[in-house]
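Chain by chain, the residues:
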Amino acid sequence: MSATPTERKLWTEITLFDGHQTFDQLMAVSVEGDRIALVCPMPDLSDETIQAADQTFVGGVMTPGLIDCHTHLVFSGSRADEFEQRLEGASYEEIARQGGGILSTVHATRASSEDALFNDSLPRIHALMADGVTTVEIKSGYGLNLDDELKMLRVARRLGSELPIQVVTTLLAAHALPPEFKDNADGYIDFICHEILPKAVTEQLADAVDVFCEGIGFSVAQSEKLFRAAQAYGLPIKSHAEQLSNLGGAKLTAKYQGLSADHIEWLDEEAIKAMAKAGTVATLLPGAFYTLRDTQVPPIELLRQYQVPMAIATDGNPGSSPIFQLTLMLNMACTLFRLTPKEALQGVTLNAAKALGLGDQFGSIAQGRQADFCIWKINTPSELAYAVQPGRLKQRVFKGEVTHELG
Ligand code: NIG
Ligand code: FE
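Report on the accompanying structure. (Residues numbered from 1 in each chain as written. Chains lettered and ligands numbered in written order. Predicted model: local features only at pLDDT ≥ 70, side-chain atom pairs only at ≥ 80, totals over all residues. Heavy atoms only, no water.)

Quick notes on the site of ligand 1
Phase 1: Taken together, 15 residues surround ligand 1, and among them Arg79, Tyr92, Tyr142, His175 and Ser320 come closest.
Phase 2: Take His263: an N or O atom from its side chain is 3.0 Å from an oxygen atom of ligand 1.
Phase 3: Interatomic distance of 2.5 Å between a side-chain N/O atom of Ser320 and an oxygen atom of ligand 1.
Phase 4: Within the shell around ligand 1, the residues separate by chemical class into 4 nonpolar, 9 polar and 2 charged. (Near = heavy atom within 4 Å. Polar contact = N/O pair within 3.5 Å; in protein donor to acceptor, adjacent residues only side chain to side chain. Nonpolar A, V, L, I, M, F, W, Y, C, P; charged D, E, K, R; others polar.)

Looking at the side chain of Arg396
Phase 1: Along the polypeptide, Arg396 turns up in strand β15 (residues 393–398).
Phase 2: Asp372 provides the closest opposite charge to the buried, salt-bridge-free Arg396, at an N-O distance of 7.6 Å.
Phase 3: Not counting residues within four places of it along the chain, the set of residues in contact with Arg396 comprises Met129, Gly132, Val133, Thr134, Pro164, Ile165, Phe373, Glu401, Val402, Thr403 and His404. (Helix = DSSP H or I, 4+ residues; strand = E, 2+ residues; numbered from the N terminus. Buried < 20%, exposed > 50% of the residue type's maximum accessible area, 1.4 Å probe, protein only. Lys, Arg positive; Asp, Glu negative; His and termini not counted. Salt bridge = Lys/Arg side-chain N within 4 Å of Asp/Glu carboxyl O. Contact = heavy atoms within 4.5 Å.)

Looking at the sheet that holds strand β6 (residues 66–68)
Phase 1: Within the open sheet, the 8 strands sit side by side as β6-β7-β8-β9-β10-β11-β12-β13. Their pairing is parallel. Two strands close off the open sheet at either side, each with one partner strand: β6 and β13 (310–312). Each strand of the sheet is rotated relative to its neighbour by a mean of 25°, with strand direction disregarded.
Phase 2: Pairing analysis gives 3 bridges linking β6 to strand β7 (residues 133–139), with the strands arranged parallel. Within the sheet, the bridge partner assigned to Asp68 lies in β7 and is Val136. (Pairing = 2+ DSSP bridges. Axes fitted to C-alpha atoms, helices over the stretch in contact; angles between N-to-C directions.)

Overview of the packing of helix α7 (residues 185–202) against helix α8 (residues 220–232)
Phase 1: Remark: α7 packs on α8, axes separated minimally by 10 Å, with the N-to-C direction vectors making an angle of 10°. Comparing their axes, α8 and α7 come out roughly parallel. Of the residues in α8, those touching α7 at Ala185, Asp186, Ile189, Asp190, Ile192, Cys193 and Leu197 are Gln222, Lys225, Leu226, Ala229 and Ala230.
Phase 2: Of the residues belonging to the contact of α7 with α8, the class tally is 8 nonpolar, 1 polar and 3 charged. (Parallel < 35°, antiparallel > 145°, perpendicular 65-115°, else oblique.)

Looking at the packing of helix α6 (residues 146–162) against α7
Phase 1: Axis separation between α6 and α7 bottoms out at 10 Å; the angle between their running directions is 35°. Remark: the crossing between α6 and α7 carries right-handed chirality. Of α7, the residues touching α6 (which contributes Leu146, Glu149, Leu150 and Leu153) are Phe191, Glu195, Ile196, Lys199 and Ala200.
Phase 2: Tallied by class, residues from the contact of α6 with α7 come to 6 nonpolar, no polar and 3 charged. (Left-handed = near helix turned anticlockwise from the far one by under 90°.)

Thoughts on the packing of aromatic side chains
Phase 1: The full count for this structure, using the stated rule, is 8 aromatic pairs.
Phase 2: Where Trp11 meets Phe373, the ring centres are 4.8 Å apart and the plane angle is 90°; that geometry is what we call edge-to-face. With Trp11 in strand β1 (residues 8–16) and Phe373 in strand β14 (residues 373–376), the pair connects residues that are 362 residues apart, well separated along the chain. Comparing Trp11 with Phe373 shows no difference in burial state: the two are buried.
Phase 3: Pairwise contacts between aromatic rings join Phe181, Tyr188, Phe191 and Phe218 into one cluster.
Phase 4: Above the plane of the ring of Phe75 lies Arg124, whose end atom (NZ or CZ) is 3.5 Å from the centre.
Phase 5: It is Arg158 that lies over the ring of Phe118; its NZ or CZ is 3.7 Å from the centre. (Phe/Tyr/Trp six-rings, centres within 6.5 Å; stacked < 30°, edge-to-face > 60°. Lys NZ or Arg CZ within 6 Å of the ring centre and 35° of its normal.)

Some words on the nonpolar core
Phase 1: Grouped together as the largest cluster of nonpolar side chains are 95 residues, with contacts concentrated most on Ile125 and Leu159.
Phase 2: By size, the runner-up hydrophobic cluster in this structure holds 14 residues, among which are Val29, Val31, Ile36 and Ala371. (Core = buried A, V, L, I, M, F, W, Y, C linked by side-chain atoms within 4.5 Å.)

None of the figures reported here should be taken as evidence of function without further support.
Structure follows, in structure tokens:
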């Protein structure tokens, strides 16, 4: 039996943003099977490589496949009613304290069968894929009990196995206090540490552990307990921190070498220093900032000063960021947070990979890497951040296969 020869594909005359920078000359990228075989300037492209290609594509802007490193896209139900309440003046915190918010999605998600939850999540992950996303992180956090947290994580894993996209999962059982543990947050944290986390580990359902460290979430002490338990199982940690107040969650995250501290509108200099030292990524979520009409802009200049890598994500969820378009976040990060287009692009490629602990494997285009990339019908990479314009994704390539073709 003869093995099928490895397919060779070649992209020529491309403007390349490789995750770090945009090259000032036209480039060529060749792919063998699921790997990038060669990245070189056009004049260095050999006749041999050209002739060896089974398929050749010409022109466009190439970026790494986009990475959405913070989403809650597995859920059921809608919170359009709360959207209206907020328009009438209610705050996100008020709605949460009255038992709505996250808990309202918990009710709908618990009531869904695993298949229904999978089907409810499909249009959202498809929307991200059609926007160039090749790796997505998906959190649990709308189950808040053993069965439903595991159900959410299994659905996330199934999305990754059935669709041409890499899914990274995060256990966020510490998202809100479930009604069963009313007035007993410590008891719930113990339950997560002793019941949910061990089961998620045994069934290999979680790649990381997250916590909502906030007045309406969990305290620093409770978060620390969870982080210790996660580390005992060898799982990396991350946090929702400093979104509505400065509790110290980001500094704690750095103390445990966390992958990322996310939101961080109220982050202070001391925590930034700690993050720089620990290599913790600052994940900016402009969609939540926009939706909640926040006015506290994250400390971008200090993050630059201490060279903390900045990632950008949708935070796609039914409450604070019902937005499933990562390229829109590029624009919002520039317009609302004053990032440069280059920083924004790094934020959804290389730095987003770092926020998932995958910086040495994903988020950049280089020889030997998995061939996950996008070809865009634009003139320069910065146009991706400049204009809010769907329909520019010419090709989406995942593991060397063209999974999306414009027209
Ligand atoms: O990242 N901050 C907490 N968690 C989500 C919101 C989830 C929800 O409102 O359903 C966030 O903003
Ligand atoms: Fe979130």
